[in-house]
Amino acid sequence: MGSVLYVAAHPDDENTRLISYLSKHLNARTAYLSLTRGDGGQNLIGPEIRELLGVIRTQELLAARRIDGGEQIFTRANDFGYSKHPDETFEIWNKNEVLSDVVLAIRKFKPDVIINRFDHRSPGTTHGHHTGSAMLSMEAFDLANKPSAFSEQLQQTTLWQPKRIFFNTSWWFYGSEEKFEKADKSNMLSFDIGTYYPLTGTSNNEIAAMARSQHLSQGFGTTLQRGNQTEYIELLKGEPLLNNEDIFSGIDTSWKRIKGGKAIGNILNEVEANFNFKNPSEHIPQLVEAYKLLQNIDNQHWKTQKSKELKSIIEMCAGLYLEASAETNMATPSETINVNLEVLNRSDVPITLVSINTPNKLNISKNIDLKNNLKYTFKEPIKIESDADYTSPYWLKHKGTLGMYRVDDKSLIGLPETPKMLKVDFHLQIAGTPFIFSKNIIQRYALPDKGELYRPFEIIPEASAKITEKVIILNSDKQRDIYVTVKAGRDNLEGYVQIAHPKNWSIYPDKQKVNIANKGTEQTLVFTVIPPKNQSEGLLTPMVHVGNKTYTKELIEMDYSHIPFQTVLLPSESKIVRLDIKKKGENIAYIVGAGDVVPESLHEMGYHVRVLSPNDITPETLKSFDAVVVGIRAYNTVEELKFKQQALFDFVAEGGNMIVQYNTNRGLKTEHLAPYELNVSRDRVTDEHAEVRFLAPEHPVLNVPNKITQQDFEGWTQERGLYFPDSWGSEFTPILSINDKGESPKDGSLLVAKHGKGYYIYTGLSFFREFPAGVAGAYRLFANMLSIGKDNLKEQAQLND
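Being a predicted model, the structure only gives us computed values, none of them experimental.

As a further point, take the packing of helix α10 (residues 284–294) against helix α11 (residues 300–317). Here α10 crosses α11 at 165°, and the two axes come no closer than 10 Å. Judged on the interaxial angle alone, α11 and α10 are roughly antiparallel. Once α10 is placed against α11, the crossing between them reads as left-handed. Contact with α10, carried on its side by I284, L287, V288, A290, Y291 and L294, involves W302, K303, K306, S307, L310, K311, I313, I314 and C317 of α11 and no other residues of that element. Classifying every residue of the contact of α10 with α11 gives 11 nonpolar, one polar and three charged.

See the structure below:
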């Protein structure tokens, strides 16, 4: 009956070792409150960034919790990117609203103990989100039991006072293991979280590593760990510890803590002490009796939580299998789908299937006595309501701010994902007592090369559309064709498509018919864009008109093996830019790193782009290219690149250009990133508006073929850049100097070195973020980087000057 709330800022901040230990060894109800969904991070497994990455990382957290036994909670805070101080963090977040959400999480979850991942006493020494999460947790600890604090919450929950709040400290926070060894630990508890679980044949830290390995988008896949391992928590506030070995010291975690609970506890303790592992169903009469007593207690919090847990235990002890599987994983409002229902009792316990309730509110009477291991199947047609909400992350339904998601339905705040609307209720009678088991409608299917698979069931619009390119660059006033893809959510879709566009642009034709026979298939239409004479930018939105309805959203599907299939509905928008941009060279080789859309962006600039695998990197292959661009974190993720460096350097020496985008300074696959000395640091500039100073204003990279000015650094998004080198050989010329407020200048964001006949360029500037946002200046600067040295006479003259 004990509970713990673990608090930090992002997905992957959580200590899965401690969460697993609390959940599986201490049997405490444990939850992780992540203030954000990690939108501002990088993506190691695909091209998704910002809100789509947030959806992936949300699901990675849920996958981790399914392994370590914890639950998952969020606030409405948006991960806007790296922040160097909590003051900056709170300026961008709505501090009061995030604090409100932390208080709400405490009041709803009702933890006895809170554990902060980060230290609230050290602002400015680490990520501002990290310190901010601990500061808000400390403040919420004092507010959760005050009626005057966020009093509107008391309509849906009650006051609560946690008993203690801790900081999950370690040697890392002290700077070294030696310093931590000498630290005063009189106010700390320690746990050996390497405990072994004989029933599963795994150690706690093995389970924790499996959970942590779900954060694949962040490159956190790891080997399993075993053996003793010590975790420390430092008491920050609350009731003093009576026992320096027990996190729940002085807290009654037995059933006696609630009125009427003693009798329930006696039954459950007896079941546990005499559990029949060969025939668990033997205990169902006792479990049912405990469930009946539980319905009579007054404490609604414990009644709800323990009823859920007891029902799950009864379901497992009876070997009950209840499933509602649709014949498709998607449908539209007003559509009728067939759902296959399966009911199976794998025990001798008397269980009766009384009835089934479908989403149409139809009560289908059955009154079938379920025989041991005899499967009962039914097929029921279910009609989707005409006003059913589309399936999509609730926090993305409305446009929020840079720092906050907008959630109009306050009952959803804190939930990890949108509740599934389509459920089937199985009404059973077990040992003479009525139970209702609700199951989400899913799709169960099989593929010959994968076996049995599951997908969530989704409600989608009858039509969605997208322009194939998210950013369209036109470097002249010549007209250009664009492609609009319409996807049918139902059979026999008929309508027409128009494109909303800026006033000074023209689209031809004004509208085109769409006619799609089969659900799930697409039709592509070609429109011609006629740009204005002068530089201009704006948004294009395809509009699909079907009957009296207009659809302007894009249906995005994400299918990764470690998380459930995801559909996201977002406004269908493409940025279109009439840009005064010049370039030299034609053929670009791109070496993919952690995943980005830079190759597509280079194609938009008019280059011929070929993606090379490490095996393709040979002197003969490279001869056909003007430049090679290396993707973000390629030297962190592509092992084979260390064997290809000399071939790439030789390509530069023979007159090619090589552009290397940012890599983290940890986990580099080679010590020789460049043909000259180059040391990557953790330097970064998080303020996307930070002043950019030109250190080498006459350098060709700032002048040829495009004259770069301060205007080219306007409109950047999230950050200037990250992981800049902090030292380099004299062969390099630093081009720019940038810094966040109050910090020393960072001169390593763009480094250019002549090597033989060509140029080697290293940049930590965040082109991978600026290109998808259609930032014109980023395109112009990158064109110069690709073009450098391609006009030797003019360039030599400038260098001589």
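Our focus in this paragraph is the pairing of strand β36 (residues 657–660). Residue alternation in β36 divides its side chains into two sets, N657 and I659 and M658 and V660, and both sets are buried. Sheet topology note: the strand β35 (residues 627–630)/β36 ladder contains four bridges and is parallel. Its bridge partner lying in β36, V628 is registered against M658. Summarising the sheet, β36 and strand β43 (residues 758–763) pair through four bridges and their orientation is parallel. The partner of M658 across the bridge, within β43, is Y760.

Attention shifts here to the sheet that holds β35. The seven strands are arranged β34-β33-β35-β36-β43-β42-β40 in an open sheet whose pairing can be described as mixed. Both edges of this open sheet fall to β34 (608–612) and β40 (732–734), since each of them pairs with a single strand only. Sheet twist, expressed as the average angle between the axes of neighbouring strands with direction ignored, equals 20°. On the sheet, helix α17 (residues 776–787) packs against β33 (587–591), β35, β36, β42 (750–755) and β43 and is oriented at approximately 140° with respect to β36.

Moving on: the pairing of strand β27 (residues 522–530). As defined by bridge partners, strand β23 (residues 480–488) adjoins β27 across eight bridges and the pair is classed as antiparallel. Bridged to T485 within β27 is T524.

It is worth spelling out the packing of helix α9 (residues 261–273) against α10 at this point. Remark: α9 packs on α10, axes separated minimally by 9 Å, with the N-to-C direction vectors making an angle of 160°. Comparing their axes, α10 and α9 come out roughly antiparallel. Crossing of α9 against α10: the hand is left-handed. Contacts between α9 and α10 pair A263, I264, I267, L268, E270 and V271 from the former with Q286, L287, E289, A290, L293 and L294 from the latter. Residue classes in the contact of α9 with α10 are distributed as nine nonpolar, one polar and two charged.

Attention now goes to the confidence of the model for the protein chain. Per-residue pLDDT for the protein chain averages 95, and the proportion of residues at 70 or more is 99%. Note that pLDDT drops below 50 for residues 793–801; the model gives that stretch 10 contacts with residues more than four away or on any other chain.

Residue placement: S20 occurs in helix α1 (residues 16–25). Judged by its relative accessible area of 0%, S20 is buried. Polar contacts involving the side chain of S20 include one to the side chain of N204, which spans 2.8 Å. Setting aside its immediate chain neighbours within four residues, S20 contacts H25, D68, Y197, N204 and I207.

This next bit is on empty space enclosed by the protein. Counting across every chain of the model gives two cavities of 30 Å³ or more. Its boundaries defined by the atoms lining it, the largest cavity holds a volume of some 50 Å³. As for the largest cavity, its lining consists of P47, I49, G595, D596, V597, F768 and P772.

It is worth spelling out the sheet that holds β27 at this point. The strand order β21-β23-β27-β25 describes an open sheet built from four strands, whose pairing is antiparallel. The open sheet has two free edges, formed respectively by β21 (463–467) and β25 (506–508), since each of these has just one partner strand. Taking the axes of each pair of neighbouring strands and ignoring which way they run, one obtains an average angle of 30° across the sheet. By the bridge criterion, three bridges tie β25 to β27 in an arrangement that is antiparallel. Bridged to S506 within β27 is I530.

Criteria and thresholds
Residues numbered from 1 in each chain as written. Predicted model: local features only at pLDDT ≥ 70, side-chain atom pairs only at ≥ 80, totals over all residues. Heavy atoms only, no water. Axes fitted to C-alpha atoms, helices over the stretch in contact; angles between N-to-C directions. Helix = DSSP H or I, 4+ residues; strand = E, 2+ residues; numbered from the N terminus. Parallel < 35°, antiparallel > 145°, perpendicular 65-115°, else oblique. Left-handed = near helix turned anticlockwise from the far one by under 90°. Contact = heavy atoms within 4.5 Å. Nonpolar A, V, L, I, M, F, W, Y, C, P; charged D, E, K, R; others polar. Buried < 20%, exposed > 50% of the residue type's maximum accessible area, 1.4 Å probe, protein only. Pairing = 2+ DSSP bridges. pLDDT = per-residue confidence, 0-100. Polar contact = N/O pair within 3.5 Å; in protein donor to acceptor, adjacent residues only side chain to side chain. 1 Å grid on protein atoms, 1.4 Å probe; cavity = no way out; pocket = protein on both sides within 12 Å on 5 of 7 lines; lining within 4 Å. Points joined across faces, edges and corners; volume = space filled by probe spheres on them.

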